[in-house]
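Examination of the molecular architecture
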Amino acid sequence: MQRSLGASRHTVQASKPRAAALRQPGRRSGLAVLAIAAPVRDEVSSAQQQQQSGDSLTSAAVAAAASRGRVVLESPEELKSTWEHRGWTFGACALLAATLAQGLAQVDSLGSAAGAGAAVLAAYYMADVGTAFYHWGVDNYGDGNTPVFGGQIAAFQGHHQRPWTITEREFCNNMHKLFRPASFFAAGLAGMAAAGAPALWDIWSSSFLFLCCMSQQFHAWSHMKKSELPGAIVALQDAGLLISRRDHGAHHKAPFNCKYSIVSGWCNPLLDGDCPENSVWMKLEKWIHEKYGVEPRGWYEPSEQWKEQERTVA
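Residues numbered from 1 in each chain as written. Predicted model: local features only at pLDDT ≥ 70, side-chain atom pairs only at ≥ 80, totals over all residues. Heavy atoms only, no water.

Considering the packing of helix α5 (residues 83-104) against helix α8 (residues 171-194)
The criterion, for reference: Convention adopted: a line fitted to C-alpha atoms gives each axis, helices being fitted over their contacting stretch, and angles between N-to-C directions are expressed from 0 to 180 degrees. The secondary structure listing takes helices from DSSP runs of H or I that are at least 4 residues long and strands from runs of E that are at least 2 residues long, numbered from the N terminus. Handedness of a crossing is defined here by the sense of rotation of the near helix relative to the far one, left-handed for an anticlockwise turn of less than a right angle and right-handed for a clockwise turn.
Interhelical geometry of α5 versus α8 gives an angle of 35° and a closest axis separation of 7 Å. Judged by the sense of rotation from one axis to the other, the crossing of α5 with α8 is left-handed.

Quick word on the packing of helix α6 (residues 110-140) against helix α13 (residues 280-292)
Which entries qualify depends on this criterion: Every angle not falling under 35 degrees, over 145, or within 65 to 115 is termed oblique; those three ranges are roughly parallel, roughly antiparallel and roughly perpendicular. For this analysis, residues touch if any pair of their heavy atoms sits within 4.5 Å. Charged means Asp, Glu, Lys or Arg here, nonpolar means Ala, Val, Leu, Ile, Met, Phe, Trp, Tyr, Cys or Pro, and polar covers whatever is left, Gly included.
Running from N to C, α6 and α13 point in directions that differ by 50°, and their axes come no closer than 12 Å. Between α6 and α13, the angle is such that the two are oblique. Crossing angle aside, the handedness with which α6 passes α13 is right-handed. Contacts between α6 and α13 involve Ala 132, Phe 133, Trp 136 and Asn 140 from the former and Val 280, Trp 281, Leu 284, Glu 285 and Ile 288 from the latter. Considering only residue class, the contact of α6 with α13 consists of 7 nonpolar, 1 polar and 1 charged.

Notes on a nonpolar patch on the surface
Formally: Like-charged residues are merged into a patch within 9 Å and nonpolar side chains (Val, Leu, Ile, Met, Phe, Trp, Tyr) within 5 Å, provided each residue has over 30% relative accessible area and no salt bridge. Every accessible area reported is derived by Shrake-Rupley at a probe size of 1.4 Å, with residue values counting cover from the shown protein chains alone. Salt bridge, as used here: a side-chain nitrogen of Lys or Arg that lies within 4 Å of a carboxyl oxygen of Asp or Glu.
Among the surface-exposed residues, Leu 121, Tyr 125, Leu 236, Leu 241, Trp 266 and Leu 270 lie close enough to one another that they form a single nonpolar patch of about 560 Å² accessible area. Position of Leu 236 relative to the elements: it lies in helix α10 (residues 231-238).

Digging into the side chain of Asp 128
The cut-off we apply is this: Throughout this description, buried means an accessible area under 20% of the type-specific maximum (1.4 Å probe, protein chains only), exposed means over 50%, and partly exposed covers the range between. Asp and Glu count as negative and Lys and Arg as positive, but His and the ends of the chain are not part of the count. Pairing of N or O atoms within 3.5 Å defines a polar contact, subject to two protein rules: one partner must be a possible hydrogen donor and the other a possible acceptor, and residues neighboring in sequence count only if both atoms are side-chain atoms.
You can see Asp 128 is positioned in helix α6. There is no salt bridge for the buried Asp 128, and the closest opposite charge comes from Lys 259, which lies 10 Å off by N-O distance. Within the local environment of Asp 128, its side chain forms a polar contact with the backbone nitrogen of Cys 267, the two atoms lying 2.9 Å apart. In contact with Asp 128, other than residues within four places in its own chain, are Ser 261, Val 263, Ser 264, Gly 265, Trp 266 and Cys 267.

A short note on the side chain of Asn 174
Inspection of the secondary structure puts Asn 174 in helix α8. In this structure Asn 174 comes out as buried when scored by relative accessible area, which is 4%. In this structure, Asn 174 is in contact with Ile 166, Arg 169, Gln 216, Gln 217 and Ala 220, ignoring residues within four places of it in sequence.

Some points on α10
For the record, the criterion: In this description, the arc belongs to the directions extending from the helix axis to the C-beta atoms.
Listed as buried for α10 are Ile 233, Val 234 and Gln 237. Along the axis of α10, the buried positions cluster into a sector of 100°, meaning they face one direction only. Turned more than 90 degrees away from the buried face of α10, the exposed residues are Gly 231, Ala 232 and Asp 238. In this structure, the buried residues of α10 make contact with α9 (199-221). Directly beyond the C-terminal end of α10, a positive phi value near 80° is found at Gly 240.

Things to note about the pattern of salt bridges
The full count for this structure, using the stated rule, is 2 salt bridges. Of the charged contacts in the structure, one is a salt bridge between Glu 84 and Arg 180, with a shortest N-O distance of 3.6 Å. With Glu 84 in helix α5 and Arg 180 in helix α8, this pair connects stretches of sequence that are 96 residues apart. Take Glu 84: its relative accessible area is 47%, and that puts it in the partly exposed class. With its nearest N and O atoms 3.0 Å apart, the salt bridge here joins Lys 226 to Asp 238. With Lys 226 in the loop between α9 and α10 and Asp 238 in helix α10, this pair connects stretches of sequence that are 12 residues apart.

A closer look at the confidence of the model for the chain
When pLDDT is low, close inspection of the predicted coordinates is not appropriate. Note the cut-off: Every residue gets a pLDDT, meaning the predictor's confidence in that residue, from 0 to 100.
Summing up the model confidence of the chain, the mean pLDDT is 75 and the portion of residues at 70 or higher is 66%. For the chain, the element scoring lowest by mean pLDDT is helix α1 (residues 19-22), at 38; α5 scores highest, at 96. Note that pLDDT drops below 50 for residues 1-73; the model gives that stretch 143 contacts with residues more than four away or on any other chain.

Structure below.
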C-alpha cells in the first residue's frame, strides 16, 4: 500500500518504516508542534490590529506596501535592519575576514595557493551538506520551546507557512539571527588565528562559517523571481553555484522531505536518493525512531502549522 504525499515527486511505502503502526488513528507525533506563525493579514487588518495594540502603522507605509503588491506581515519597522542587527552581522563578518586574511597571508607558493583554493572549495561543499542536515533537523524535530534551537525551529515553521516573508526583510534584519550566535565562534577562530593556527585551518574554518551564515541570504534569493535579483546572482543560480528558485521550490511541496540544502544544492541528489525510502534522511529517521522513539514530522501529512498560507494582496 502506498500513501501519496501531495505534490512531491516522492512516495513513502506504508510498510516502511513501520508506517502503518506509526499512523494509527488518533495517534499524534511524539513532538507537538506549536502554532508559531501569525495568520496572514492584509494591510488594512494589520494596521487595525497594530493600532489596537498601541503600535499603529502609518497610512503612508501601508500605501507604499500596497503599491508594491506586498502583504504587511509585520509592521514595516520589524522588517528593517537596526543598528544591533548591523553590529552582529558586520562584527561577525569582520572577525571572519580577519581570520581569512591571516590564513591567506601565509600563502607564499603555488602549492600553498592550491591548498588554499582546495580549502575554500571544501568549505563550500561542506556548508552545502551542513545546511542540509541542519534544515532537516529543524524541519522534523522539536518545536518553539526546544532549548537553544527553539527560535530557529519556530522561524522555519513560520517560513513554511509564509515563505515570501524572507524576501521582505532587509539584509541585516534577515542575517543577524545567524551571525549573532556565529560571532562567538568567529571570535574563537580569530583568536586561534592570532595564536598561530595553521593557514589551511584559518581559510577553511572562516569560509565554512561564513557560507553557513550566508545560506540565509542564498535562501532568500531562492524565493525571489529573477527579475527581482541582481544579474550576478541570477548568473550564479543559473550556473548551479547558488540554490535557485526552481531547485528549492521542490522543498516547499508536501511532505517537505527533500531538497534541504540552501547553499548550492549540489548535495541534494546524493542525500535525497531516488525516493524517500533510499534517502539518507529516511535512514536517519528510522535509526532515531528505533533508538529514541521519536518520530519526524515528515512521516505524517503536514499539519496546518506547516501548510503554506494563501498570500493576499490589497
